[in-house]
Structure formats: structure tokens, C-alpha cells
Amino acid sequence: MAQSMLLYWSSGSPPCWRVMIALEEKQLQGYKHKHLSFDKNEHKCEEVKALNPRVQVPTFKHGDIVVNESFAACLYLESAFKSQGTRLIPDDPAEQALVYQRMFETNNLQQKMYDVAFYEWYVPEGERHESALKRNKESLIAELKLWDGYLEEMGKGSYLAGKNFTMADVVCFPVIVFFPRLHCPPERCPRLMEYYKMLKDRPSIKASWPPHWLEKPEGQDMLKNL
Ligand SMILES: N[C@@H](CCC(=O)N[C@@H](CS)C(=O)NCC(=O)O)C(=O)O
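Residues numbered from 1 in each chain as written. Predicted model: local features only at pLDDT ≥ 70, side-chain atom pairs only at ≥ 80, totals over all residues. Heavy atoms only, no water.

Per an unreviewed UniProt entry, the protein goes by the name Glutathione S-transferase A-like and belongs to Sinocyclocheilus rhinocerous.

The full count for this structure, using the stated rule, is 14 aromatic pairs. When the centroid spacing of 6.3 Å and the interplanar angle of 75° are considered together, the rings of Trp209 and Trp213 count as edge-to-face. We note that Trp209, like Trp213, is buried. These aromatic residues form a ring-pair network of at least three members: Trp17, Tyr114, Phe118, Trp121, Tyr122, Phe173, Phe178, Tyr196, Trp209 and Trp213. For the cation-ring pair, Arg102 lies above Tyr150, with the distance from its terminal atom to the ring centre recorded as 3.5 Å. Stacked on the ring of Phe165, the Lys or Arg Arg202 has its end atom at 3.6 Å from the ring centre. (Phe/Tyr/Trp six-rings, centres within 6.5 Å; stacked < 30°, edge-to-face > 60°. Buried < 20%, exposed > 50% of the residue type's maximum accessible area, 1.4 Å probe, protein only. Lys NZ or Arg CZ within 6 Å of the ring centre and 35° of its normal.)

Our next topic: the UniProt feature "domain: GST N-terminal" (unreviewed entry) in the protein. Per the UniProt record, the feature "domain: GST N-terminal" (unreviewed entry) sits at residues 3-85. Secondary structure across residues 3-85 divides into 35% helix and 18% strand, with the first and last C-alpha atoms of the span separated by 17 Å. (UniProt positions renumbered as here; feature names shortened; annotations may be inferred. Helix = DSSP H or I, 4+ residues; strand = E, 2+ residues; numbered from the N terminus.)

Close to the ligand lie Ser13, Pro15, Phe38, His43, Lys44, Gln56, Val57, Pro58, Asn68, Glu69 and Ser70, which account for all nearby residues. Lys44 is positioned such that a nitrogen or oxygen atom in its side chain is 2.6 Å from an oxygen atom of the ligand. The separation between an oxygen atom of the ligand and a polar side-chain atom of Ser70 is 2.7 Å. Within the complex, the protein chains bury 72% of what would otherwise be the 510 Å² of accessible surface of the ligand. Classifying every residue of the shell around the ligand by side-chain character gives four nonpolar, five polar and two charged. (Near = heavy atom within 4 Å. Polar contact = N/O pair within 3.5 Å; in protein donor to acceptor, adjacent residues only side chain to side chain. Areas by Shrake-Rupley, 256 points an atom, 1.4 Å probe, with all protein chains shown as cover. Nonpolar A, V, L, I, M, F, W, Y, C, P; charged D, E, K, R; others polar.)

Okay, the domain arrangement of the protein next. Domains assigned within the protein are domain 1 (2-80) and domain 2 (93-215). Computed over C-alpha atoms, the centres of domain 1 and domain 2 are 21 Å apart. On the side of domain 2, 26 residues touch domain 1, which itself brings 17 residues to the contact. Summed over both partners, the interface of domain 1 with domain 2 buries about 1800 Å², with 74% contributed by carbon and sulfur atoms. Taken together, domain 1 and domain 2 are joined by one salt bridge. The partner of Glu25 in a salt bridge is Arg202, with the nearest N and O atoms 2.7 Å apart. (Domains from an automatic or database assignment. Contact = heavy atoms within 4.5 Å. Buried area = accessible area lost by both parts, 1.4 Å probe. Salt bridge = Lys/Arg side-chain N within 4 Å of Asp/Glu carboxyl O.)

As C-alpha cells, then:
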């Protein structure tokens, strides 16, 4: 089954990583994949263009089904392989609601982290303002407080949506990992840091860890002054 899947991906991309974690959790090892380098602009290749009008990674194909949005690909895998590997979406509607809530809230955390960590990369030199960066930092700090509060409320050893590992963890872990990697002061989000330590050696996460991070475990310190 995994043999009829093809994933185009790049190392260190949270959207790609979440699809890879989902594939591992659903025991779909052996899927075909192409690792494309951002530095060499390989993700703009004709093969990706043919499948994905946004010409981005992840680009994912299963047989004739093409599903490129990372959240959509993760949900598709759960639905197509519901009884295989880890159950990532619970049946109970109330539990399901919390998983969906945390999953889609991840977009806030991801964007706010990008707005600080990659400010200089996104905003051309002449358009940068200290005041804007300060605002972005305040917004990220407030967002981190929310997530830390969620974990605090759940209790020690909990996952993002309760006692079990779910799709919320699949989609959010690849964002959370950036906080320790980019030297965010641990006191900004102590519960998230504990959560990171609890999950970093999970087999699905270890197996899909960005290869260029293995070569260079220390990231830059873009979040040092948060
Ligand atoms: N909505 C997409 C976003 C994908 C995305 O932003 N991919 C980035 C890598 S993290 C990309 O391909 N960037 C290159 C580009 O846009 O040219 C998803 O979550 O799947």
C-alpha cells in the first residue's frame, strides 16, 4: 500500500514533517519519497508543479489521489488507514472536538513563530521596523502562554489533546520543536519544553527527524531574545 504513495518533501519544513510523522504512525513506512533541497530550489521542479499549483512541499500522492495541504494529507491518512497503526482521531465527538481544535490552532502558533524567527527573511530590509518585530514578539509570547496553559491544565505527562497521542501532536510537534532549537528562553513555555522532551524520542518522530538537523543539531538563535 505504501508503495503507491509518493511524498515530495524538504528537510526542516513543519508541514512536510507532520505528514511524515502521520505516515510513520500509520505504519506506512516504505512510501516513495523525494527529498528536495530548498537551497537548490529543487522544490520548484516540474514534478511538483504538475501536482501542486502552489509549487510547495509537501506534495503528496497516493495512487491517483493528490492531497497537498499538510493537514488534509494527515486527515486523509487517518481516514484511509483508520484501523492501521495509531488511532490519531478519537471516535468520541467531545474528544474529537478537542483534537481538531488543537490541530487547527497550530496555524496560529506556526505563523506567530515564523513572524518572529524568520522576520528578516520574510520582510525586505527597507520595510523592517523594530516596532513591528516587537509587536510580533508580544503576540508570540501571548500565544505561547496559551499553549503552556493548555498543557498545565491537562496535567503532567499529557499530550496536547489529553492522555493519548493524537493528530494534534502530529501536526503541532514540528512547530513546537522550533522553540528549543532556535533558543527560545525555556521560561517562556516551561510546559511546552517538558512536552518536547517527552516526545522527541517517540519512534515516529525520531524516524522522520529532519536529516539536516541531525548533521547540525544546533539551530540559530532567532528566538533567543523572546
Ligand atoms: N499550506 C501548506 C504550506 C506548505 C508550505 O508553506 N510549504 C513551504 C515549506 S514549509 C514551501 O514549500 N515553501 C516554498 C515556497 O513557497 O516557495 C501546508 O501546510 O501544506
